[in-house]
Number of protein chains: 2
Amino acid sequence: MRISFEEMQNQFNRVLLKKGFSPERASLCARLFAEASRDGVYSHGLNRFPRFISYIDHGYIDIHAEPVFLEKSGVLERWDGKLGPGNLNAWFCMNRAVEIAKEHGIGCVAIRNTNHWMRAGTYGLQAIEAGCIGICWTNTLPNMPAWGGTKPQLGNNPIVFAVPHPKGPILLDMAASMFSYGKLEQYAIQGKLLPVDGGFDAEGQPTRDPQAILETRRLVPIGYWKGSGLSLVLDLIAVFLSNGNSTLEIGKLPSEMGLSQVFLAFNPDALSGREAILHSIEQTLEDLKSSGDSVLYPGQRMMQTRAENLEHGIPVDPDYWNAVLAM
Amino acid sequence: MRISFEEMQNQFNRVLLKKGFSPERASLCARLFAEASRDGVYSHGLNRFPRFISYIDHGYIDIHAEPVFLEKSGVLERWDGKLGPGNLNAWFCMNRAVEIAKEHGIGCVAIRNTNHWMRAGTYGLQAIEAGCIGICWTNTLPNMPAWGGTKPQLGNNPIVFAVPHPKGPILLDMAASMFSYGKLEQYAIQGKLLPVDGGFDAEGQPTRDPQAILETRRLVPIGYWKGSGLSLVLDLIAVFLSNGNSTLEIGKLPSEMGLSQVFLAFNPDALSGREAILHSIEQTLEDLKSSGDSVLYPGQRMMQTRAENLEHGIPVDPDYWNAVLAM
């Protein structure tokens, strides 16, 4: 079952207006959700939308709240998300980081008390569209054991690196766990082994069996001790810059809310050598291509999926789609 | 065999002076090498020193060259390393990034035409000592296949995240390959299996056998496709900001030289809430400790090793030590 991008966006928009969003905010929020599905990130597009609405219904998300400026030190600004919609807050922050970068080369916005930003890559693409290099990350609730531990103490704290290029966006959107719970469930339902070890079984052995990992909840960080450390430092830097909740503190809240995030934009426009730089980057991408079709740069498959989904419609799980239609 | 920190530093200093370094530059360079071994990073301390000297002898490193300012856009500066000693250049850059950050909240220095910076964590500790959060990375020569490929096209591009804290530095110093060649050789000599998969064997299967990986040279990136993407974007951002060589271009040079690096410092001093933030970070570290002695935060083991090595002397491989004494 495939649904056109416009139809999906319109349905999200209709529901958000019904929930009380202002027309402008409903439109942006609907677009960001629909673009996630359009680009193949279904887990944070259509499939996440019902949960987003339920968080509004539970009062975890204040649909009218907008970020409030707290303080700044030069190009580093601190904002309070006031528990507004995470994607609108994050969009605001990257936009603000880009504004600062356009004036001062680099802009950084740290936000506290915000909510799940849905698809992480959204804000990397936003920086790219403004001609900037973007780096941003968020903390999450505790959902992954630290290396050497067995209970979830770290978040999977997605981080995004985004590089503009005329051949298409170069976009790394990466969580610190090797696989998400959604991915493990998908493999388990299909009765397939993971392509690589994804966690530990009940005997504490690394395993490719998704069901065994779903039972132990011992997801493995990317690069084991390295991803464990990466998750921790991203959490601590977000806390340091925003003076917001840590993953530990988020774990004590009634739901995944009150997150801390960092948005960095670099504007290289005022520096020389742009043509040579873009050419050099293209040479690297061409070199990777020379190794065969199985070698992809981050963002390459996304653009293929986007083209397919715009032409043929976005594939949807009928359960999620019907749930949205019924809202 | 153990050597005191002072003795090691003095020997390095003696050799560098003999090579023609100015006293001030010899002293800093010797200290940084000795501190790497003091902190347990032997591979980039004593064990790397002879190769550093041979690079000078080959003319790959110009011992008198200092970074030259090229241009800037606000808080983002671009410098040329003039193929000077990589650790002195990198030290200069993080110092400059901190200077900018003290004035404008954030400072960023991108340097091109520099050399291997030796121990990556050095510049994170440098930011921490200045009261700043530090992030820095370097590209390298091609030494790791991209995910899906078989020949080395990516660098292992180490990245550092450094967070100051009164309990001790929080320092992640992480390459994008799961294991270095040095580590694989160490396991192979000891006849041990790697603790986790470290690459692919001749049949293309993931393996913990270090010898099999040394033969295929198919090291695995951390998190497989994720580390592959991370390595690429770090290379491209370094190229974009510095207008310097990419990993692809470095691979065409006579040696690992002419690298591109990025140094970021964040100065949170002018922002409020410092006490609460440090307390929150401490709570997170305490929470990790509650999971047992096997859970460490990045930097924790380093401080234990430093204390041991300062008390008992730094353990040295006699071959390397005697080579330095003979210089």
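Residues numbered from 1 in each chain as written. Chains lettered and ligands numbered in written order. Predicted model: local features only at pLDDT ≥ 70, side-chain atom pairs only at ≥ 80, totals over all residues. Heavy atoms only, no water.

Some points on the interface of chain B and chain A
Short version of the rule: Throughout, a contact is declared for two residues whenever any of their heavy atoms are within 4.5 Å. As a working definition, buried area equals the accessible area (1.4 Å probe) given up by two parts on being put together, with both sides summed. Counting of polar contacts relies on pairs of N or O atoms within 3.5 Å, with two restrictions inside protein: one atom must be capable of donating a hydrogen and the other of accepting it, and residues adjacent in sequence are counted only when both atoms are side-chain atoms. Think of it this way: any DSSP run of H or I at least four residues long counts as a helix, any run of E at least two long counts as a strand, and we number them from the N terminus.
Between chain B and chain A, the residue contacts involve 78 residues of the former and 78 residues of the latter. In total, chain B and chain A occlude about 6,900 Å² of area from one another, counting both sides; carbon and sulfur atoms represent 73% of this. If you sort the residues of chain B by the area they bury against chain A, K226, F240 and L271 of chain B come out on top, with a joint share of 11%. Counting across the chain B and chain A interface gives 18 residue pairs in polar contact (both at pLDDT 80 or more). Sort the elements by how many residues they give to the side of chain B that touches chain A and helix 8 (residues 225-242) of chain B lands first, with 12 residues.

A short note on the relation of the copies chain B and chain A
What counts, and what does not: For this overlay, a least-squares fit was computed on C-alpha atoms, restricted to residues scoring pLDDT of at least 70 in both copies.
Overlaying chain B on chain A yields an RMSD of 0.0 Å, the required transformation being a rotation through 180° with an accompanying axial translation of 0.0 Å. Here the transformation between the copies is reduced to the relation of a two-fold axis. Considering only C-alpha atoms, the part of chain B nearest the rotation axis is G223 of chain B, at 2.5 Å. Both copies contact each other with a shared surface, as 100% of the interface residues of chain B are interface residues in chain A too.

As for the sheet that holds strand 4 (residues 106-114) of chain A
Each strand in a sheet pairs with its neighbour through backbone hydrogen bonds, running either in the same direction (parallel) or in the opposite one (antiparallel). We apply this condition: In short, DSSP must find at least two bridges between two strands for them to pair. What counts as an axis is a line fitted to C-alpha atoms, over the stretch in contact for a helix, and the angles between N-to-C directions run from 0 to 180 degrees.
Pairing within the open sheet is mixed, and its seven strands lie in the order 2-3-4-12-5-8-9 (chain A). Of all strands in the sheet, those bounded by a partner on one side alone are strand 2 (68-73) and strand 9 (170-174) of chain A. Going across the sheet, the axis of each strand differs from the next one's by a mean of 10°, ignoring polarity. Here strand 2 of chain A runs beside strand 3 (residues 76-80) of chain A; their pairing, made up of five bridges, is antiparallel. The residue bridging K72 of chain A from the neighbouring strand is E77 of chain A, located in strand 3 of chain A. Along the sheet, helix 8 of chain B makes contact with strand 5 (133-138), strand 8 (159-163), strand 9 and strand 12 (259-266) of chain A, crossing strand 9 of chain A at roughly 135°.

With respect to the environment of F240 of chain B
Spelled out, the test is: Working definition: with a 1.4 Å probe on protein chains only, accessible area under 20% of the residue-type maximum means buried, over 50% means exposed, and in between means partly exposed.
Position of F240 of chain B relative to the elements: it lies in helix 8. F240 of chain B gets classed as buried once you look at its relative accessible area, which sits at 1%. Once the C-alpha coordinates of F240 of chain B and S180 of chain B are considered, the two residues, 60 residues apart in sequence, prove to be 26 Å apart. In this structure F240 of chain B touches I133, V163, P164, P268, R274, I277, L278 and I281 of chain A together with R78 of chain B, once residues within four positions along its chain are discounted.

Points about the packing of aromatic side chains
Heads up, the condition is: Geometry of aromatic contacts follows a simple scheme: Phe, Tyr and Trp rings, the Trp one being its six-membered ring, pair when their centres are within 6.5 Å, and the pair is stacked under 30 degrees between planes, edge-to-face over 60, tilted otherwise. We call a charge positioned over a ring when the NZ of a Lys or the CZ of an Arg lies within 6 Å of the ring centre and within 35 degrees of the ring normal.
The tally for this structure, following the rule as stated, stands at 36 aromatic pairs over all chains. An aromatic cluster is defined as three or more aromatic residues linked by ring pairs; in this entry it consists of W147, F200, Y224 and W225 of chain A together with F179 and Y187 of chain B. Over the face of the ring belonging to F5 of chain A we find R38 of chain A, whose NZ or CZ atom lies 5.6 Å from the ring centre.

What about the nonpolar core?
Selection criterion: Think of a nonpolar core as a cluster: buried Ala, Val, Leu, Ile, Met, Phe, Trp, Tyr and Cys residues, connected wherever their side-chain atoms sit within 4.5 Å. Start and end points for every domain follow an automatic or database-based domain assignment.
Of all hydrophobic cores here, the largest spans 216 residues; its most connected members are F52, W137 and F263 of chain A together with F52, W137 and F263 of chain B. Mapped onto the domain boundaries, this core takes at least three residues apiece from domain 1 (1-58 + 300-327) and domain 2 (184-214) of chain B.

A short note on the sheet that holds strand 12 (residues 259-266) of chain B
Taken in spatial order, the seven strands of this open sheet run 2-3-4-12-5-8-9 (chain B), and their pairing is mixed. The open sheet is flanked by strand 2 (68-73) and strand 9 (170-174) of chain B, the only strands paired with a single partner. The mean inter-strand angle of the sheet, taken between neighbouring strand axes irrespective of direction, is 10°. Of the pairings in the sheet, the one linking strand 5 (residues 133-138) of chain B to strand 8 (residues 159-163) of chain B comprises four bridges and is antiparallel in character. Paired with W137 of chain B across the strands is I159 of chain B, a residue of strand 8 of chain B. Contacts between helix 8 (residues 225-242) of chain A and the sheet are confined to strand 5, strand 8, strand 9 and strand 12 of chain B, with strand 9 of chain B contributing the most and set at about 135° to the helix.

Points about the environment of T284 of chain B
In this fold, T284 of chain B is placed in helix 10 (residues 274-289). Separated by 180 residues in sequence, T284 of chain B and H104 of chain B place their C-alpha atoms 29 Å apart.

So, the confidence of the model for chain A
Just so we agree on the cut-off: Scored from 0 to 100, pLDDT records how confident the predictor is in each individual residue.
Averaged over every residue, the pLDDT of chain A is 96; residues scoring 70 or more account for 100%. Taken over the whole predicted complex, pTM reads 0.97, whereas the ipTM for its chain interfaces reads 0.97.

A short note on the pairing of strand 9 of chain B
Residue and element names in this part refer to chain B. With four of its five residues buried, strand 9 lies for the most part within the structure. Pairing of strand 8 with strand 9 involves five bridges; the strand directions are antiparallel. Across the sheet, F161 pairs through a bridge with L172, a residue of strand 9. Here strand 8 folds back onto strand 9, and the loop between the two strands holds six residues, one of which, G168, carries a positive phi near 130°.

As for unusual backbone geometry
Leaving glycine out, the prevailing phi sign among residues is negative, and the prevailing peptide bond configuration is trans. Residue and element names in this part refer to chain A. Look at M118: it is not a glycine, yet its phi comes out positive at around 65°. Relative to the elements of secondary structure, M118 occurs in the loop between strand 4 and helix 5 (121-129). Its identity is not glycine, yet Y224 carries a phi of approximately 55°, on the positive side. With respect to the secondary-structure elements, Y224 resides in the loop between helix 7 (210-216) and helix 8. On the basis of relative accessibility, which here comes to 4%, the residue Y224 falls in the buried class.

Section: helix 11 (residues 300-312) of chain A
All names here are of chain A. Operational definition: By definition here, a helix of n residues has an expected span of 1.5 Å times n minus one.
When the terminal C-alpha atoms of helix 11 are compared, their 19 Å separation across 13 residues agrees well with the 18 Å that a helix rising 1.5 Å per residue should span. If you check which residues of helix 11 are buried, you get Q300, M302, T305, R306 and N309. Buried positions along helix 11 lie against strand 1 (2-3), helix 2 (23-38), helix 5, strand 9 and strand 13 (314-315). Trailing helix 11 by a residue or two, G313 shows a phi angle of about 95°, which is positive.

Some thoughts on the pattern of salt bridges
This is how the line gets drawn: Salt-bridge detection follows one rule: a side-chain nitrogen of Lys or Arg within 4 Å of a carboxyl oxygen of Asp or Glu.
One pass over the structure, following the stated rule, counts 26 salt bridges over all chains. Residue K167 of chain A pairs with E282 of chain A through a salt bridge whose shortest N-O separation is 3.3 Å. Residue K167 of chain A is found in the loop between strand 8 and strand 9, and its partner E282 of chain A is found in helix 10 (residues 274-289); the two are separated by 115 residues along the sequence. What makes K167 of chain A exposed here is its relative accessible area of 53%. Relative accessible area serves as the criterion here: at 24%, E282 of chain A is assigned to the partly exposed category. A salt bridge links R78 of chain B to E71 of chain B; the nearest nitrogen and oxygen atoms lie 2.8 Å apart. Side by side, R78 of chain B and E71 of chain B carry an identical accessibility label, which is buried.

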